[in-house]
Amino acid sequence: MTTRQEQILIHLYGQMGLGNSYEMLYETTQDGIADAIGISRGQVSIEIRRLEEKGFVYHLLRHATDSPKRTRAHRMCYRLNALGMLTVKDILACGEGVA
């Protein structure tokens, strides 16, 4: 069984390479992460903050494309850094997080 932090890391790993310097996918926002892994946005906020403190993810202010809210405002979008990518590869290699 994976932890919430592992679920978030695995989800963000699946979003790598998508987006550009101006826009990123809705799935990389706290709302998008919450929708994708089935936890509350508040819990995502807590876990993302912990992941940032550990140095696994970082945030960018970008337009979120495909947002169901259709807002034009910039939103915090999250990406894995090198340590986060290595961690996800280790999780997947161990068979954790794979249904």
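Caption draft 1: Fine view of the pairing of strand β3 (residues 74–80). Burial of β3 is extensive: five of the seven residues sit out of reach of the surface. For strand β2 (residues 57–65) and β3, the ladder comprises seven bridges, and the chain directions are antiparallel. Note that in β3 the partner of His63 across the bridge is His74.

Caption draft 2: Seen up close, the confidence of the model for the chain. In the predicted model, the chain carries a mean pLDDT of 85, and 83% of its residues have values of at least 70. Of all the helices and strands in the chain, strand β1 (residues 23–25) carries the lowest mean pLDDT, 81, while helix α3 (residues 41–54) carries the highest, 97.

Caption draft 3: Quick look at the side chain of Thr28. Mapped onto the fold, Thr28 is located in the loop between β1 and α2 (30–37). Residue class for Thr28 comes out buried when judged on its relative accessible area of 3%. Within polar-contact distance, the side chain of Thr28 engages the backbone oxygen of Leu25 at 2.7 Å. Setting aside its immediate chain neighbours within four residues, Thr28 contacts Leu12, Gln15, Ile33, Met76, Cys77 and Tyr78.

Caption draft 4: Region of interest: the sheet that holds β3. Pairing within the open sheet is mixed, and its three strands lie in the order β1-β2-β3. The two strands at the open ends of the sheet, each matched to only one other strand, are β1 and β3. Put simply, the sheet's adjacent strands are angled 65° from each other on average, direction ignored.

Caption draft 5: Molecular detail of the packing of α2 against α3. Contact geometry for α2 and α3: axes closest at 9 Å, N-to-C directions at 110°. Compared by their axis directions, α2 and α3 come out roughly perpendicular. Taken as a pair, α2 and α3 cross one another with a handedness that is right-handed. Facing α2, whose interface residues are Gln30, Asp31, Ile33 and Ala34, α3 presents Arg41, Val44, Ser45 and Ile48. Of the residues contributing to the contact of α2 with α3, the split by class is four nonpolar, two polar and two charged.

Caption draft 6: How the structure looks around the side chain of Arg75. Along the polypeptide, Arg75 turns up in strand β3. Within the structure, Arg75 has its side chain in polar contact with the side chain of Asp31 (distance 2.5 Å).

Caption draft 7: Spatial organisation of the environment of Glu23. With respect to the helices, strands and loops of the structure, Glu23 is situated in strand β1. Through-space distance from the C-alpha of Glu23 to that of His74 is 9.0 Å; in sequence the pair is 51 residues apart. Those residues in contact with Glu23 that sit more than four places away from it in its chain are Arg62, His63 and Thr65.

Caption draft 8: Up close: the nonpolar core. Ranked by internal contacts, the top residues of the largest apolar core, which has 14 residues, are Leu9, Leu12, Ile33, Ile48 and Val57. Only α1 (4–14), α2, α3 and β3 provide two or more residues apiece to this core. The contacts of Leu9, once residues within four sequence positions are left out, are Leu51, Phe56, Val57, Leu80, Thr87 and Val88.

What counts, and where the lines are drawn
Residues numbered from 1 in each chain as written. Predicted model: local features only at pLDDT ≥ 70, side-chain atom pairs only at ≥ 80, totals over all residues. Heavy atoms only, no water. Buried < 20%, exposed > 50% of the residue type's maximum accessible area, 1.4 Å probe, protein only. Helix = DSSP H or I, 4+ residues; strand = E, 2+ residues; numbered from the N terminus. Pairing = 2+ DSSP bridges. pLDDT = per-residue confidence, 0-100. Polar contact = N/O pair within 3.5 Å; in protein donor to acceptor, adjacent residues only side chain to side chain. Contact = heavy atoms within 4.5 Å. Axes fitted to C-alpha atoms, helices over the stretch in contact; angles between N-to-C directions. Parallel < 35°, antiparallel > 145°, perpendicular 65-115°, else oblique. Left-handed = near helix turned anticlockwise from the far one by under 90°. Nonpolar A, V, L, I, M, F, W, Y, C, P; charged D, E, K, R; others polar. Core = buried A, V, L, I, M, F, W, Y, C linked by side-chain atoms within 4.5 Å.

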